[in-house]
Amino acid sequence: MDDICAICLGQLDSSTSCCKLPCSHVFHHDCVSAIRGFGIAQVCPICRAELPPGPEQLYENAIRSYFRVQRLVLGRNGAWARLDQEEKKEMEISLTNLRGAADQGYTLAQFNLGLILENGQGIEQSYTQAAQWFQKAAASGLVSAQVNLGNLHYEGLGVSKDEA
């Protein structure tokens, strides 16, 4: 990550919510939100690549897709491992949108992506990746993410076990 936000010229670090655009440029989440609100061209200020949909829209699309798959899974006794082709495609759409929102710094998307990875819902289970997304959401102050990250540390799943 670059050290300076090219919009506000402020420091980019782990204490601020950052937004990584598909063109790989990184800015403060609030700075990108401000650009969207000005009613000007919806493009990256550095390379002029078109901005993706905002994180709120991506998150909403992701959750709608996820709930469609979840409803089908629960209707057949909750077997996430046996998704058919259509359900896999729908879940991939959900995960793509969720990652897009999470990469743009949307805390709820980071947390829910962590949950999906922790539980292996329609994707290969990965405690390590779940912990990384929980860490990002926890850094934004989301208590649920802090609890889940703490549980992973307590159990030693995907992170070093905390003996304290």
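Here, the structure is the one placed above.
Analysis parameters
Residues numbered from 1 in each chain as written. Predicted model: local features only at pLDDT ≥ 70, side-chain atom pairs only at ≥ 80, totals over all residues. Heavy atoms only, no water. Helix = DSSP H or I, 4+ residues; strand = E, 2+ residues; numbered from the N terminus. Buried < 20%, exposed > 50% of the residue type's maximum accessible area, 1.4 Å probe, protein only. Contact = heavy atoms within 4.5 Å. Areas by Shrake-Rupley, 256 points an atom, 1.4 Å probe, with all protein chains shown as cover. Lys, Arg positive; Asp, Glu negative; His and termini not counted. Charge placed at Lys NZ, Arg CZ, Asp CG, Glu CD. Phe/Tyr/Trp six-rings, centres within 6.5 Å; stacked < 30°, edge-to-face > 60°. Lys NZ or Arg CZ within 6 Å of the ring centre and 35° of its normal.

Turning our attention to the overall build of the protein chain. When helices and strands are counted, the protein chain shows six helices and two strands. Starting at the N terminus, the α and β elements of the protein chain follow one another as β-β-α-α-α-α-α-α. The buried share among the 164 residues of the protein chain stands at 40%. Taking all contacts inside the protein chain whose residues are at least 6 apart in sequence as the whole, residues at least 24 apart take part in 39%. For the protein chain, the exposed area adds up to about 9,300 Å²; of that, 50% sits on carbon and sulfur atoms. In the protein chain, 13 positive and 18 negative side-chain charges are present, and the distance between their average locations comes to 8 Å.

Glancing now at unusual backbone geometry. Positive phi is not limited to glycine here, since Leu 9 has a value of about 65°. Within the element layout of this structure, Leu 9 appears in the segment before strand 1 (18-20). Here Leu 9 falls in the exposed class, since its relative accessible area comes to 63%. Located in the positive-phi region is Arg 48, a residue other than glycine, with phi close to 70°.

Looking now at the packing of aromatic side chains. The geometry of two aromatic rings is summed up by the distance between their centres and the angle between their planes. Throughout the structure, instances matching the rule amount to four aromatic pairs. Measuring from centroid to centroid gives 5.2 Å for Tyr 59 and Tyr 106, while their planes differ by 50°, and the two rings are tilted. Note that Tyr 59 is positioned in helix 2 (residues 55-75) and Tyr 106 in the loop between helix 3 (85-103) and helix 4 (107-119), a separation of 47 residues in sequence. Like Tyr 59, the residue Tyr 106 is buried in the burial classification. Chaining the aromatic ring pairs together yields one cluster made of Tyr 66, Phe 67 and Trp 80. Taking NZ or CZ as reference, Lys 136 lies 4.6 Å from the ring centre of Trp 133, over its face.

These values are about where atoms sit, not about what they do.
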